[in-house]
There are 4 protein chains.
Amino acid sequence: MSSTDLYVVADFCLIPIGTGESSVAEHIAECHRVLEKSGLTFKMHGYGTNIEGPWSEVSQVIHDCHAAVHAKGAPRIATNVRIGTRVDRETPVGRGNEVKLKRVEEILARDEQA
Amino acid sequence: MSSTDLYVVADFCLIPIGTGESSVAEHIAECHRVLEKSGLTFKMHGYGTNIEGPWSEVSQVIHDCHAAVHAKGAPRIATNVRIGTRVDRETPVGRGNEVKLKRVEEILARDEQA
Amino acid sequence: MSSTDLYVVADFCLIPIGTGESSVAEHIAECHRVLEKSGLTFKMHGYGTNIEGPWSEVSQVIHDCHAAVHAKGAPRIATNVRIGTRVDRETPVGRGNEVKLKRVEEILARDEQA
Amino acid sequence: MSSTDLYVVADFCLIPIGTGESSVAEHIAECHRVLEKSGLTFKMHGYGTNIEGPWSEVSQVIHDCHAAVHAKGAPRIATNVRIGTRVDRETPVGRGNEVKLKRVEEILARDEQA
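Residues numbered from 1 in each chain as written. Chains lettered and ligands numbered in written order. Predicted model: local features only at pLDDT ≥ 70, side-chain atom pairs only at ≥ 80, totals over all residues. Heavy atoms only, no water.

**Description of the overall build of chain A**
(1) Moving on: Looking only at helices and strands, chain A features three helices and four strands.
(2) Moving on: Counted from the first residue to the last, chain A has its helices and strands arranged as β-α-β-β-α-β-α.
(3) Moving on: Based on the C-alpha atoms only, the size of chain A along its principal axes is roughly 55 × 40 × 20 Å.
(4) Moving on: The buried share among the 114 residues of chain A stands at 61%.
(5) Moving on: Accessible surface, chain A as shown: approximately 4,800 Å² in total, 50% of it carbon and sulfur.
(6) Moving on: Computed over 13 positive and 16 negative side-chain charges, the separation of the two mean positions in chain A equals 2 Å. (Helix = DSSP H or I, 4+ residues; strand = E, 2+ residues; numbered from the N terminus. Buried < 20%, exposed > 50% of the residue type's maximum accessible area, 1.4 Å probe, protein only. Areas by Shrake-Rupley, 256 points an atom, 1.4 Å probe, with all protein chains shown as cover. Lys, Arg positive; Asp, Glu negative; His and termini not counted. Charge placed at Lys NZ, Arg CZ, Asp CG, Glu CD.)

This is the structure:
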């Protein structure tokens, strides 16, 4: 069971704790730098970051975001991750989150035509 | 304590359960219609929806999404919500999520100039 | 659609931000006091709190936890909430989370008998 | 940065999608069997499972729960994970979630004595 590496479409939101300042932007920017080096597809939004790829790589890059934010001085971190996998069809690599959103937009576009 | 209605910057991801089909796009489109009627600021992304407003209104509209998705046939629903509040400064109404993202982008833009 | 008040079985995890200390125990204890006054069924575990009741009441008490934790000095808070509703059967009031766990335990107990 | 393997105190809630039945107990029981084989410390509650250990092992076992639940017939899965790491002090191995809860209970016990 552990031999396969499922493809995962995910979203995560990392919160530094105990920093003494309420702004988290510097820490999130640091995550952006880590994500960029990973080569994985990702996109930040107002309350988290869409990311996708093989499970082990997505897990590793979130781990490395934690390591980088700790290195920047955060003594503690709490992250919330949403993880989606499916076996009924192939997820188009690097386009899983984009395709999900597009499908909803197509349905809504039909509303306007009707 | 319960007299105030905190302003909340949030993100939620609704999952219909027991529908017999792996696609959730029709249900998410239904949420979009509910959200649009609410008048609140919201923006869908690949793994959820940014939304903000007074706590009671944000809570009510997510409730109404559940009611609408149940009405469309989902016997059960599981939603994940991220909720942020702050009292150190005013959140610009309807622009809380946007402003958070902009701050990170400004920090990253300085990287490129350096 | 907004007239009903769905019964919700939930779990939430509240994180104070910008407090300058990595411990969150005092803030979580404050939430416990707020929850106790609410009269709703709840149970803390190692990474959050099970809670259930009518949607509006569960939402209100989480709001009041935020207000109380802000009053104790946290300038900013990020909470993660898992919300479950169902319309295929009645949830036994105050026992939704307990019953879910029991069903899993019953299935596992059959493993041992087999 | 990626050389270390941070110790993680976590909680996850796995939701099978597209199964055609609203009950998820059989799938969660399957996760329990996978978790037990992992040797990691875990504890189920009404809306998820506390789990802890080295990051890579916790990630791997949640992956293996997905694989097992797919093998049982779920075409799609959505999981929510809360992940906590800290570098200000050692987490007592296998007792991170338990210790967090104990600290809150100690604070509340003082209330009753006062």
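**Notes on the relation of the copies chain A and chain D**
(1) Moving on: With an RMSD of 0.0 Å, the operation that places chain A on chain D is a rotation of 180° combined with a shift of 0.0 Å along the axis. One copy is carried onto the other by what is essentially a two-fold rotation axis. Taking the C-alpha atom as reference, chain A places V81 of chain A closest to the rotation axis, 2.5 Å from it.
(2) Moving on: Comparing interface residues between copies, 100% of those in chain A also sit at the interface in chain D, which points to an isologous, same-surface contact. (Least-squares fit on C-alpha atoms with pLDDT ≥ 70 in both. Contact = heavy atoms within 4.5 Å.)

**Examining the interface of chain A and chain D**
(1) Moving on: With 31 residues of chain A at the contact, the number on the chain D side is 31 residues.
(2) Moving on: The interface formed by chain A and chain D holds zero salt bridges in total.
(3) Moving on: In this structure, the connection of chain A to chain D is made through 21 residue pairs in polar contact (both at pLDDT 80 or more).
(4) Moving on: Elements supplying a minimum of two residues to the side of chain A that touches chain D: helix 2 (55-71) and strand 4 (76-86) of chain A.
(5) Moving on: The dominant element in the side of chain A that touches chain D, judged by the number of residues it contributes, is strand 4 of chain A, at eleven residues.
(6) Moving on: Grouping the constituent residues of the side of chain A that touches chain D by class yields 13 nonpolar, eleven polar and seven charged. (Salt bridge = Lys/Arg side-chain N within 4 Å of Asp/Glu carboxyl O. Polar contact = N/O pair within 3.5 Å; in protein donor to acceptor, adjacent residues only side chain to side chain. Nonpolar A, V, L, I, M, F, W, Y, C, P; charged D, E, K, R; others polar.)

**Here's the deal with the relation of the copies chain D and chain B**
(1) Moving on: When chain D is fitted to chain B, the residual RMSD is 0.0 Å, and the transformation amounts to a turn of 180° plus an axial shift of 0.0 Å.
(2) Moving on: In this assembly, 100% of the residues forming the interface of chain D have copies in chain B that are likewise at the interface, indicating an isologous arrangement.

**Concerning the state of the cysteines**
(1) Moving on: This model, assessed by the stated rule, comprises zero disulfides over all chains.
(2) Moving on: In this structure C31 of chain A is a free cysteine whose sulfur lies 3.9 Å from that of C65 of chain A, the closest cysteine sulfur available.
(3) Moving on: Residue class for C31 of chain A comes out buried when judged on its relative accessible area of 3%.
(4) Moving on: Here C13 of chain C is not cross-linked by a disulfide; its sulfur's nearest cysteine counterpart is in C31 of chain C, at 9.7 Å. (Disulfide = S-S within 2.5 Å.)

**With respect to the UniProt feature "domain: Thiamine-binding protein" (unreviewed entry) in chain A**
(1) Moving on: UniProt annotation of "domain: Thiamine-binding protein" (unreviewed entry) refers to residues 10-92 of chain A when read in the numbering used here.
(2) Moving on: With 37% helix and 37% strand, the stretch residues 10-92 of chain A has end C-alpha atoms that lie 14 Å from each other. (UniProt positions renumbered as here; feature names shortened; annotations may be inferred.)

**Comments concerning the interface of chain D and chain B**
(1) Moving on: Each partner contributes to the interface: chain D provides 15 residues, whereas chain B provides 15 residues.
(2) Moving on: When chain D packs against chain B, the two sides together hide about 1,100 Å² of surface, and 61% of this comes from carbon and sulfur.
(3) Moving on: It is I17, S22 and R76 of chain D in chain D that bury the most area against chain B; as a group they hold 36% of the surface buried on that side.
(4) Moving on: Applying the counting criterion to the chain D and chain B interface returns zero salt bridges.
(5) Moving on: In this structure, the connection of chain D to chain B is made through three residue pairs in polar contact (both at pLDDT 80 or more).
(6) Moving on: Its residues assigned to classes, the side of chain D that touches chain B shows seven nonpolar, six polar and two charged. (Buried area = accessible area lost by both parts, 1.4 Å probe.)

**Remarks on the environment of I17 of chain C**
(1) Moving on: Tracing the sequence through the fold places I17 of chain C in strand 1 (residues 7-17).
(2) Moving on: Here I17 of chain C falls in the buried class, since its relative accessible area comes to 2%.
(3) Moving on: Remark: the alpha-carbon pair of I17 of chain C and E90 of chain C, spanning 73 residues in sequence, is separated by 38 Å.
(4) Moving on: Beyond its immediate sequence surroundings of up to four residues, I17 of chain C is in contact with I15, P16, E21, S22 and V24 of chain A together with P75, R76, I77 and A78 of chain C.

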